[in-house]
Amino acid sequence: MARILVIEDETILRENLVELLEAEGYEVMAAANGREGLHLARTQWPDLILCDILMPEMSGHEVLEALARDPVTAVIPFIFLTARAERADMRLGMTLGADDYITKPFTQADVLQAIATRLEKRRQLVSLYEAKLDELRQSMAKMLPHELRTPLSLILGYSSLLLESQLVLEPADLRAIAASMLEAGQRLQRLIQRFLLYAELELAARDPKRLAALRSLQVGTAVERMAETIRRQARAAGREADLQLALAETPVPIGEFHLVTVLEELTENAFKFSTPGTPVVVDSRCEGNDVLITVADHGRGMSPEQIEAFGVREADLYQQRGQGVGLGLALVRRIVDLYGGSLRITSTPGVGTTVTVRLPLS
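Thresholds, definitions, all that
- Residues numbered from 1 in each chain as written.
- Predicted model: local features only at pLDDT ≥ 70, side-chain atom pairs only at ≥ 80, totals over all residues.
- Heavy atoms only, no water.
- Salt bridge = Lys/Arg side-chain N within 4 Å of Asp/Glu carboxyl O.
- Helix = DSSP H or I, 4+ residues; strand = E, 2+ residues; numbered from the N terminus.
- Buried < 20%, exposed > 50% of the residue type's maximum accessible area, 1.4 Å probe, protein only.
- Pairing = 2+ DSSP bridges.
- Axes fitted to C-alpha atoms, helices over the stretch in contact; angles between N-to-C directions.
- Contact = heavy atoms within 4.5 Å.
- Core = buried A, V, L, I, M, F, W, Y, C linked by side-chain atoms within 4.5 Å.
- Phe/Tyr/Trp six-rings, centres within 6.5 Å; stacked < 30°, edge-to-face > 60°.

Caption draft 1: Seen up close, the pattern of salt bridges. Taken as a whole, this structure holds 15 salt bridges when the rule is applied. Glu256 is the partner of Arg225 in a salt bridge, and the nearest nitrogen-oxygen pair spans 2.6 Å. With Arg225 in helix α9 (residues 223–236) and Glu256 in helix α10 (residues 256–272), this pair connects stretches of sequence that are 31 residues apart. The exposure class of Arg225 is partly exposed, given its relative accessible area of 27%. For Arg232, the salt bridge is made with Glu264, and the minimal N-O distance between the two is 2.8 Å. Placement of Arg232 in helix α9 and of Glu264 in helix α10 is noted, with a sequence separation of 32 residues between them.

Caption draft 2: Structural view of the sheet that holds strand β3 (residues 48–52). If you trace the 5 strands from one edge of the open sheet to the other, you get β2-β1-β3-β4-β5, paired in parallel fashion. Of all strands in the sheet, those with a lone pairing partner are β2 (27–31) and β5 (100–103), marking the two edges. Each strand axis lies, on average, 20 degrees off the axis of its neighbour in the sheet, ignoring direction. Relative to β5, strand β4 (residues 78–82) runs parallel, the two being bridged by 4 bridges. Bridge pairing in β5 places Phe80 opposite Tyr101. Of the strands in this sheet, β1 (3–7), β2, β3 and β4 are in contact with helix α1 (residues 11–23), which crosses β2 at around 170 degrees. The sheet contacts of helix α3 (residues 60–68) involve β1, β3, β4 and β5, and relative to β4 the element is tilted by about 170 degrees.

Caption draft 3: Here's a closer look at the pairing of strand β9 (residues 280–287). Bridge count for strand β7 (residues 243–247) against β9 is 5 bridges, and the pairing is parallel. Within β9, the position partnered with Leu243 by the bridge is Val280. With 7 bridges connecting them, β9 and strand β10 (residues 290–297) associate as antiparallel partners. Opposite Ser284, over in β10, you have Ile293 as the bridge partner. The hairpin formed by β9 and β10 contains 2 residues between the paired strands, and Gly288 there has a positive phi angle of roughly 65 degrees.

Caption draft 4: Structural detail: the nonpolar core. Residues Met226, Ile254, Leu259, Leu266, Ile335 and Val357 are the most contacted members of the largest nonpolar core, which totals 41 residues. Broken down by element, this core gets its largest block of residues, 7 residues, from helix α13 (residues 327–338). The contacts of Ile335, once residues within four sequence positions are left out, are Leu197, Leu201, Ile254, His258, Thr261 and Val262. Counting residues in hydrophobic clusters, the runner-up holds 21 residues, among them Ile49, Ile53, Ile76 and Phe78.

Caption draft 5: Summary view of the packing of aromatic side chains. Evaluation of the coordinates by the stated rule reveals 2 aromatic pairs. Measuring from ring centre to ring centre gives 5.0 Å for Phe78 and Phe80, while their planes differ by 75 degrees; the resulting arrangement is edge-to-face. One exposure class covers both Phe78 and Phe80, and it is buried. Between Phe80 and Tyr101 the ring centres are 5.3 Å apart and the planes differ by 45 degrees, which places this aromatic pair in the tilted class. Of the two residues, Phe80 is situated in strand β4 and Tyr101 in strand β5; the sequence distance between them amounts to 21 residues. Looking at Phe80, the relative accessible area reads 0%, which means it is buried. Site record: aromatic cluster; members linked through ring pairs are Phe78, Phe80 and Tyr101.

This is how it looks when you write it as structure tokens:
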């Protein structure tokens, strides 16, 4: 049965709501003020929240505003319990993201009907999400065998040649074979690491303790580490002359390994899908309470349909060039989501693409 959080400072009303909902079979948590309720929402992840507006320490509006800043809690259905039914109050609540209003005094039927309606809508959204996730898994499953086989076949083929050949190979030929095997091995290793990381992030998204530990990580002033990572990608692409950096001296609210992963994926895409001789610009800066990291290229660009398709850029090129599995951008988006941030893509086909990562400092 669904778990419901009741945030109400009036003791009798709070106890009556808890008794009513438990009698209906719901699992119920209760908080006597907004601050306590916000803590329970962030740590226990209820399926729905009933919340008063006028409360000590934090008002209902402040609780809803705080929950809306976190992608994990922003999707929890939120119903206000209030004696204030003025149009301005209702408009403010809806603007902040409230799903419904129940005006005091109310009947048991009012409460139960509102809860049933919002939980049903949530179930529909969860079903849609699961369907899209299954679609993504199937897409990856189709591409992964080919991506694994390609470098593995090359390694096995060259290994067999070295073992079975009766000819004495020249040093230059041996070096060429060794270089090809090393490149294939590195490609295979990175692909496996990507999928393991994606699986780890999916587990973290469903485990509050893992998520809390992940969000406690923060890089200090990260300019040198960021610049080192980005320049390494430019060297690997032979594009050092095209790189333009403008990194601000600011803390970055993300673990170092995940920061490096985000930068590697975004800059690799920027170099891979733009023409040598055109600039790739990477900058970071503070904007309000957020840190912004932007990677811009002047390459082939993406269509609105590709952007909408959740990081299909590499998957599209996979079909054309036999490289990439569409995981890079999806991986970046997942990392950023789990840190409470957002990822925005703006692109024009034939002109270029700009990817902006926004991470909250608080």
